[in-house]
Amino acid sequence: MAEFLNILAIGLLLGGIYALVSVGLNLIFGVIRVVNFAQGEFVMLGMYGAFAAQTALRLDPYLAPVLVVPALFLLGCAVYWVLLRPLQGEPMMQVFATFGLLMVLENSVLAVTRGVSFSVGSVLSDTTIAIGPVQMPLARIIVLAAATVVAAGLGWWLRATMPGKAIRAVAQDRKAARLMGIPVERMYMVTFGVGAALAGLAGCLLSPLYSMSPQIGMNFIMPAFAVVVLGGLGSVRGAYVGGFIVGLTEALAGFYLDPALKHAVLFMVFIAVLIIRPSGLFGVAGAEEVGLREQS
Amino acid sequence: MKLTRRQFGGVVAGAAMMAGTRGSFAQGGPIKIGAINPYSGAMAQYGDEVTRCYELAADWVNGQGGVLGRQIQIVRGNATSAQEGIAAIEQLVGRDKVDILAGTYVTAISNAASESALNYGKLYWETNALARDLTDRGLPNFVRSGPSSNEFASRAVEGALKIVAAKLGKQPKDLKAWVEHEDSAYGTSIATEQQRLLKEAGVGFGVGSHSARAIDVTDSILRAKNAAPDIWISTAYVVDTNLLLRAARDQGFKPAAMMLCGVGDTKETLEALGKEYLEGIFVVSYPRPDVSEKYGPGAGAFLKLYRDKLGRDPIAPQGMNAFVGMKMLFEAVKAAGGVDYEKVVKAAAAMDKPLGTYETGYGAKFDAKMQNTRALPVVAQWQGGLVKAVFPTEAAAEGVAVVNLPRA
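(A) Local environment of the packing of helix α6 (residues 149-168) of chain B against helix α7 (residues 185-201) of chain B. All names here are of chain B. Interaxial distance between α6 and α7 falls to 8 Å at its minimum, and their mutual angle equals 40°. With respect to their mutual orientation, α6 and α7 come out oblique. Here the hand of the crossing between α6 and α7 comes out right-handed. Together, Ser-149, Asn-150, Phe-152, Ala-153, Ser-154, Ala-156, Val-157 and Leu-161 of α6 and Ser-189, Ile-190, Glu-193, Gln-194, Leu-197, Leu-198 and Ala-201 of α7 make up the contact between the two elements.

(B) Region of interest: the environment of Lys-388 of chain B. All names here are of chain B. Position of Lys-388 relative to the elements: it lies in strand β12 (residues 386-391). In the structure, Lys-388 is positioned 123 residues away from Asp-265 in sequence and 9.6 Å away in space, judged by C-alpha atoms. If we skip the residues at most four places from it in the chain, Lys-388 touches Asp-290, Ala-380, Gln-381, Gln-383, Ala-397 and Val-400.

(C) Quick look at the interface of chain A and chain B. Counting residues at the interface gives 27 residues for chain A and 27 residues for chain B. For the side of chain A that touches chain B, the secondary-structure elements that each account for two or more residues are α1 (2-32), β2 (134-137), α9 (216-231) and α10 (236-256) of chain A. In terms of residue class, the side of chain A that touches chain B is built from 14 nonpolar, 11 polar and 2 charged.

(D) Summary view of helix α4 (residues 107-119) of chain B. Residue and element names in this part refer to chain B. Counted at 1.5 Å a residue, the expected span for α4 with its 13 residues is 18 Å, and the 19 Å between its end C-alpha atoms agrees. The set of residues buried in α4 consists of Thr-107, Ile-109, Ser-110, Asn-111, Ala-112, Ala-113, Ser-114, Ser-116 and Ala-117. Along its buried surface, α4 packs onto β1 (31-37), α3 (82-94), β3 (100-103), β4 (123-126), α5 (133-136) and β5 (142-144). Looking one or two residues beyond α4, the residue adopting positive phi is Gly-121, at roughly 70°.

(E) Structural view of unusual backbone geometry. Cis geometry marks the peptide bond from Gly-103 of chain B to Thr-104 of chain B, where omega comes out at -15°. Summarising the element assignment, Thr-104 of chain B is placed in the loop between β3 and α4. That bond from Leu-405 of chain B to Pro-406 of chain B is cis: its omega, -5°, falls within 30 degrees of zero. Within the secondary structure, Pro-406 of chain B sits in the segment after β12. For Arg-58 of chain A, which is not a glycine, the phi torsion comes out positive at approximately 60°. Assignment of secondary structure puts Arg-58 of chain A in the loop between α2 (39-57) and α3 (65-84). Judged by the 7 C-beta atoms lying within 10 Å of it, Arg-58 of chain A is exposed.

(F) Examining the sheet that holds strand β6 (residues 176-182) of chain B more closely. All names here are of chain B. Within the open sheet, the 7 strands sit side by side as β7-β6-β8-β9-β10-β11-β12. Their pairing is mixed. Edge strands, defined here as strands with exactly one partner in the open sheet, are β7 (204-210) and β12. Neighbour to neighbour, the strand axes of the sheet diverge by 25° on average, direction disregarded. With 7 bridges joining them, β6 and β7 adopt parallel strand pairing. Within β7, the residue paired with Ala-177 across the bridge is Phe-205.

Rules of the game
Residues numbered from 1 in each chain as written. Chains lettered and ligands numbered in written order. Predicted model: local features only at pLDDT ≥ 70, side-chain atom pairs only at ≥ 80, totals over all residues. Axes fitted to C-alpha atoms, helices over the stretch in contact; angles between N-to-C directions. Helix = DSSP H or I, 4+ residues; strand = E, 2+ residues; numbered from the N terminus. Parallel < 35°, antiparallel > 145°, perpendicular 65-115°, else oblique. Left-handed = near helix turned anticlockwise from the far one by under 90°. Contact = placed C-beta atoms within 7 Å. Nonpolar A, V, L, I, M, F, W, Y, C, P; charged D, E, K, R; others polar. Expected span 1.5 Å × (residues − 1). Buried ≥ 20, exposed ≤ 12 C-beta atoms within 10 Å, placed from the backbone. Pairing = 2+ DSSP bridges.

Written as structure tokens, this is what we have:
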């Protein structure tokens, strides 16, 4: 029983990591309808941002979001305006463009770091909290808490604020939103910026957990795609819950079956969920309401 | 302009004469060695280090009059993948007219590049790539001067038996090991050989594998923890090694001994885990300049050469292994009287130098597949933030002994 509880805790904490990484990805997908392959690279940039902040300013990685999140927001806005906006109406080209961006960001960081991996430390990162037989690293608890706050905050922002409502309106029907006077292009830009900023936040909070390498973004992005499809495209709640499903599946399969099989099991669950519920757990059937309808 | 048949014949004859002149000039010119390594991308740091030490060996031998009266010139060929390895060979042979090819930090690149070198009739002198398969192919132009993955595996098991079991006062049959590895060919090949050797020694063991790209490896650590081994032996890359050690620390997994194979001995791991946690962790590694002069005569001189030229200490243990490999190549070329690959391979096959001949403690005796059987890694240990050789005992510098075993 103690063993099971420990694995359960590990799975939930891992779910927090996936949820935090996936929320921004799902927001971008749901609103702009772009599968952003470079989302993992934004996480990677967030990690290196935390490293730079610690090296240059001696800033703890948990304080680095103060600088990194606005920087990633601006980068996201710039990427949308320069790269994706001119490709509107060419959804496949937009996907390829984000893949190109992935390669540019990864190789640029490679060129600067020459492949050397870096680590950042925090006073909190070496602490483990033990509850009976369950060992929980504090750094992972912080990520789980952040994922919860971000998912709740983003959900509230989209529901209760004017910019959030505008984003939802654009996601539901771009043409109608434009007729209502919503600046569609600006909302897309803001959405992409927020998605990138959330990835930057994830990068900062994950930096004490990993030795960072320029390729680390790719490690996050594949499970993150599974999370957003499982949870439901465009659904913040789906990304949050999907993260835990993926985390728990990986932890349980990895421990009780074989770590080498955990991804096979995860994608079996993934396929099963899609067969039973094609729109994902929290997606809307047909996904028209979250922006998957062909729009002009 | 229109050429007559006679004019065309004259141009061809002239070109042939010039080519002949160039060929005879090349005989008196430098011996060019094409160094295939990754100089960009994720593996650039170590690719650079390996070639820097080739260049150091070239400087050293040139200072002594060169080889066969000719200077040695290292020409770099960048390859970050197998495909680029083939392209680099074409460029080095076609454009740079190299006489010999050498490498490589990465097995996949070595595999493709050495086959391509054979197409051009060139020797491929391997110093650093590890996979046993490279020599098992029996490629006629291929020689490996450094240890293979099998030597890393056998040194790890030797360390488990002669250091850990001995210190714990256990017979091999009472020792419990856990063999953890990343699941690509690199980790799997070393782990498979470790399992064979452990079984042969009568040691009980469990096995775990993980993806080097995994976001979380706590499940792997908990499986190992459940098995309660005396020694945990891991073969992985830098990033997942650091992740495994972090998970072990977080989960309170503290076997009597932890041993890392091939990586985990650089600043990257030190920065990730800190010297207090690493204290006492073993690393199976290429011999470093800290080995005793008795074990590796000239190791101190190598360090001085390196510091004089580069103004700092070596960044990775691969360097001295590359330096020694290049020295062996010079000796083989000298004995062969030229750079023809068949003659150099034959000369290398005739080498018979005892262990303790070179800076790394290596000797030179090649088996039928041209694997140097006297190139052996050492077992080192993290001590006070530094990695120090502790096994074989004669490799340990004066005053260095095994510490923190069992791990506190």
